[in-house]
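Topology and contacts: notes
Here is what each chain is made of, one letter per residue.
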Amino acid sequence: MAGLELVRGDDSGAIVDPKQIFQYRSLTAVNMYVMQWSRPEIYNATRGQSRMMQKPQPTHMNALKRLCHYVVGTPNRGLVLHPDRAWDGSTKAHKFRIRG
């Protein structure tokens with residue numbers, strides 16, 4: 001989300017519809033999960049979104065939608081775990097290499 005900075009404003013333009021607030025919080029939580037496990041490049045954008053969860057404004061929702069479009073539109077990016085060897089059915093711990 002280059003060139004877009006999210007700032008807290010006065011409460012005059014805050015979203016008041018509970019369904020939209022729930023959607024904003026849910027999408028932010030999904031992005032946090034995705035960021036932790038496979039997409040570290042969205043860290044700063046997700047951090048900025050999570051700071052606005054109390055009273056999101058329409059600009060915050062638009063930025064969140066842009067972030068979701070980026071994640072969905074770039075499926076070939078992110079971390080991929082590859083086992084060092086094929087799984088043979090044993091219960092031993094396997095080592096994984098991270099590629100990304």
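Counting restarts for each chain: residues are numbered from 1 in the order of the written sequence. Totals for whole chains, interfaces and linings use every residue, but because this is a predicted model, local features are given only for residues with pLDDT of at least 70 and side-chain atom pairs only at 80 or more, for both listing and counting. Excluded from the side-chain calculations are hydrogens and water; all other atoms, namely the structure's heavy atoms, are used.

**A word on the pattern of salt bridges**
When a carboxyl oxygen of Asp or Glu is within 4 Å of a side-chain nitrogen of Lys or Arg, the pair counts as a salt bridge. Going through the model one piece at a time under the given rule, you end up with 1 salt bridge. Taking the shortest distance from any N to any O, the salt bridge between E41 and R39 comes out at 2.7 Å. The buried label applies to any residue whose accessible area, calculated with a 1.4 Å probe on protein chains only, is under 20% of its type's maximum; exposed applies above 50%, and partly exposed to all values in between. The partly exposed category is assigned to E41, whose relative accessible area is 38%. Given the relative accessible area of 5%, R39 is considered buried.

**Some words on the nonpolar core**
What we call a nonpolar core is a set of buried Ala, Val, Leu, Ile, Met, Phe, Trp, Tyr and Cys residues that are connected through their side-chain atoms within 4.5 Å. Among the nonpolar cores identified, the biggest contains 6 residues, and these are I15, I21, Y24, M52, M61 and L64. Breaking this core down by element, the ones donating at least two residues are helix 1 (18-37) and helix 3 (58-73). We call two residues in contact when some of their heavy atoms are within 4.5 Å. Beyond its immediate chain neighbours, meaning those up to four positions away, M61 contacts I15, Q20, Q23 and Y24. If you look at the next biggest cluster of nonpolar residues, it comprises 5 residues, including M35, I42, A45 and L67. In DSSP terms, a helix is any run of H or I states spanning at least four residues, a strand is any run of E spanning at least two, and both are numbered starting from the N terminus.

**What to know about the environment of M61**
With respect to the helices and strands, the residue M61 is situated in helix 3. Accessibility expressed as a relative area gives 7% for M61, which makes it buried. For the pair formed by M61 and Y24, sequence separation is 37 residues and the distance between their alpha carbons is 6.5 Å.

**Examining the packing of helix 1 against helix 2 (residues 43-50)**
At a minimum axis separation of 10 Å, helix 1 and helix 2 run at an interaxial angle of 150°. In terms of orientation, helix 1 lies roughly antiparallel with respect to helix 2. With respect to the hand of their crossing, helix 1 and helix 2 are arranged in left-handed fashion. Residues Y24, T28, N31, M32 and M35 of helix 1 form the contact with helix 2, whose participating residues are Y43, T46, Q49 and S50. Under the convention adopted here, Pro, Cys and the residues Ala, Val, Leu, Ile, Met, Phe, Trp and Tyr are nonpolar, Asp, Glu, Lys and Arg are charged, and Gly plus all remaining residues are polar. Taken together, the residues of the contact of helix 1 with helix 2 sort by class into 4 nonpolar, 5 polar and no charged. Note on definitions: angles span 0 to 180 degrees between N-to-C directions of axes, and those axes are lines fitted to C-alpha atoms, for helices only across the stretch in contact. For classification purposes, angles smaller than 35 degrees are called roughly parallel, those larger than 145 roughly antiparallel, those between 65 and 115 roughly perpendicular, and all remaining angles oblique. Handedness of each helix crossing follows the sense of rotation of the near helix against the far helix: counterclockwise by less than a right angle gives left-handed, clockwise gives right-handed.

**Structural notes on the confidence of the model for the protein chain**
Per-residue confidence from the predictor is reported as pLDDT, which spans 0 to 100. For the protein chain, the average pLDDT comes to 80, and 68% of its residues sit at 70 or higher. Summarising per-element confidence for the protein chain, the mean pLDDT is lowest in strand 2 (residues 96-99) (60) and highest in helix 2 (92).

**Regarding the packing of helix 2 against helix 3**
Between helix 2 and helix 3, the least distance of the axes is 11 Å, while the angle of their chain directions is 150°. Judged by the angle between their axes, helix 2 and helix 3 are roughly antiparallel. Classified by chirality, the crossing of helix 3 by helix 2 is left-handed. Of helix 3, the residues touching helix 2 (which contributes A45, T46 and Q49) are H60, A63, L64 and L67. Residue composition of the contact of helix 2 with helix 3, by class: 4 nonpolar, 3 polar and no charged.

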